[in-house]
Amino acid sequence: MFCVIIFSQSGDLMGNKKIFTNEEKQYIIDNWEKETIHSMKKKFNCTWYAVAKVAEENNLPLPTSNEWTEDEINLLKELSETLHYKEIAKAMNKTENAIYLKARRLNITLIQDRRKWTEEEEEQFSELWGNVSVDNICKKLKRTYFSLKVKAIRMNLGPMMENNYEKLTVSDICDALNVSRDRITTWRKYGLKLKPKKLTSKCCYYVISLDDLLLFLEQNQNEWDSRNLEENLLGIEPEWLKEKRKRDLEENPSWYRKWTDEEIKRACHLFERGKSYNEIALTIERSENSVATLLRNLGYSYTMPHFWSEEELSYLIENYQNMTYKEMSNKLGRTEKAIAYKISELGYQKKKTKK
């Protein structure tokens, strides 16, 4: 579930490496300081460090982080023991790049996603589980709390000890349910009870109790796909979750499907024709929330006060040749400029004089 990035003295990255083609390397060299590293890492589907490594090998200047205080350095060392690097970045109000860079210079191990377990680690974990607190196991193995819980389930090591906390971070939720952080932000609006956990007077990260998460998932079953949740990952499953698994496996709900280019074009077209989110959802067989999220992400107005209804557009098409802009403006309650623009946008050309 989670992996660890280790920066050695020589700056090598332990684990899987991105192998750049000569064209990719040349692109990085040609666009260094013209394009952000974050943009390049997304373009090449790799880590920030992998891009920076290419730049370093070609004697290009690496970006420098903001000045770090001694307290911040100590906090980074402390948080690196148990928190995912994304949580550290949010807690310290710094970019992920800044955390990477500082950790590298200080030779600090950072926790990241998807590092495979070695046989030695599994053996050590089996010996520690149930005998040592989970906090201490996290520090020994450089794993997050949630990744240990997942591993314990997969290795059939038994339930969590009663004296261990049951708080999940945002990263834990994303990893367990295979959802984005943007989705978590949306869920907060729907009532997901994330609570800030203070680290210092200025730093915090967000957690949720297992009971609160399960309650939210039960009350918002159309917002997530149980097929992405490993069975018993959140403990012994209640009846409602078992029933949801059956439904999701049998029905393959449409709101979980990835949007196709054709569906996106159709949704935009319907919206521009004045259809509501609910009408669009019914037409293309999606949930209303899914449609609303898509259109907002594409930059469309949520309240759509300026969009034309189907009735208005039909009225324009039927009468644009026989009425003046002013007459149509008075009838529809829109400006003459808006009338002229919409007629042109629809591909029609009005005669200059009214017959």
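Predicted model only: the values in this text are computed from it and were never measured. (Residues numbered from 1 in each chain as written. Predicted model: local features only at pLDDT ≥ 70, side-chain atom pairs only at ≥ 80, totals over all residues. Heavy atoms only, no water.)

Engineer: So what's going on with the packing of aromatic side chains? Residues and values would help.
Structural biologist: Across all of its chains, the model carries 6 aromatic pairs by this definition. When the centroid spacing of 5.3 Å and the interplanar angle of 45° are considered together, the rings of Trp117 and Phe125 count as tilted. Judged by its relative accessible area of 0%, Phe125 is buried. Centroid distance Trp187 to Phe216: 5.4 Å. Interplanar angle 45°. Geometry classified as tilted. Of the two residues, Trp187 sits in helix α11 (residues 181-190) while Phe216 sits in helix α12 (residues 210-219), which places them 29 residues apart along the sequence. No difference in accessibility class separates Trp187 from Phe216, as the two residues are buried. Linked through ring pairs, Phe20, Tyr27 and Phe44 together constitute an aromatic cluster. (Phe/Tyr/Trp six-rings, centres within 6.5 Å; stacked < 30°, edge-to-face > 60°. Buried < 20%, exposed > 50% of the residue type's maximum accessible area, 1.4 Å probe, protein only. Helix = DSSP H or I, 4+ residues; strand = E, 2+ residues; numbered from the N terminus.)

Engineer: Explain the pairing of strand β5 (residues 204-209) to me, using residue names and the numbers behind them.
Structural biologist: Bridge count between strand β3 (residues 167-169) and β5: 3 bridges; the pairing is antiparallel. Across the sheet, Thr169 pairs through a bridge with Val207, a residue of β5. Counting the residues in the hairpin turn of strand β4 (residues 195-198) and β5 gives 5 residues. (Pairing = 2+ DSSP bridges.)

Engineer: Go over the sheet that holds β4 with me, naming the residues and quoting the values.
Structural biologist: Strands sit in the order β3-β5-β4 across an open sheet of 3 strands; the sheet is antiparallel. A strand with exactly one partner marks an edge of an open sheet, and here the two such strands are β3 and β4. Strand-to-strand twist in this sheet, taken as the mean axis angle between neighbours without regard to direction, amounts to 50°. Sheet topology places β4 next to β5; 4 bridges connect them, and they run antiparallel. Note that in β5 the partner of Lys197 across the bridge is Tyr205. Its contacts with the sheet place helix α10 (residues 170-177) against β3 and β5, and it is angled at close to 80° to β3. The sheet strands contacting α12 are β3, β4 and β5, and the helix crosses β5 at an angle near 70°. (Axes fitted to C-alpha atoms, helices over the stretch in contact; angles between N-to-C directions. Contact = heavy atoms within 4.5 Å.)

Engineer: Can you lay out the nonpolar core for me, pointing to particular residues and giving the numbers?
Structural biologist: Ranked by internal contacts, the top residues of the largest apolar core, which has 35 residues, are Phe20, Ile28, Trp32, Val51, Ile88, Met92 and Ile99. When contributions to this core are tallied by element, the ones reaching two or more residues are α2 (37-44), α3 (48-57), α4 (70-79), α5 (85-91), α6 (96-106) and β5. Counting residues per element, this core draws most heavily on α3, at 7 residues. Ignoring any residue separated from it by four or fewer positions in sequence, one finds Val51 in contact with Phe20, Ile28, Trp32, Ile37, Met40, Lys41 and Cys46. In this structure, Ile173, Leu177, Ile208 and Leu210 belong to the second largest nonpolar core, which totals 24 residues. (Core = buried A, V, L, I, M, F, W, Y, C linked by side-chain atoms within 4.5 Å.)

Engineer: So what's going on with the environment of Lys151? Which residues, and what values?
Structural biologist: Summarising the element assignment, Lys151 is placed in helix α9 (residues 145-154). Once the C-alpha coordinates of Lys151 and Phe125 are considered, the two residues, 26 residues apart in sequence, prove to be 9.0 Å apart. Residues contacting Lys151, with those up to four places away along its chain left out, are Trp117, Glu122 and Phe125. In terms of polar contacts, Lys151 uses its side chain to reach the side chain of Glu122, at 2.8 Å. (Polar contact = N/O pair within 3.5 Å; in protein donor to acceptor, adjacent residues only side chain to side chain.)

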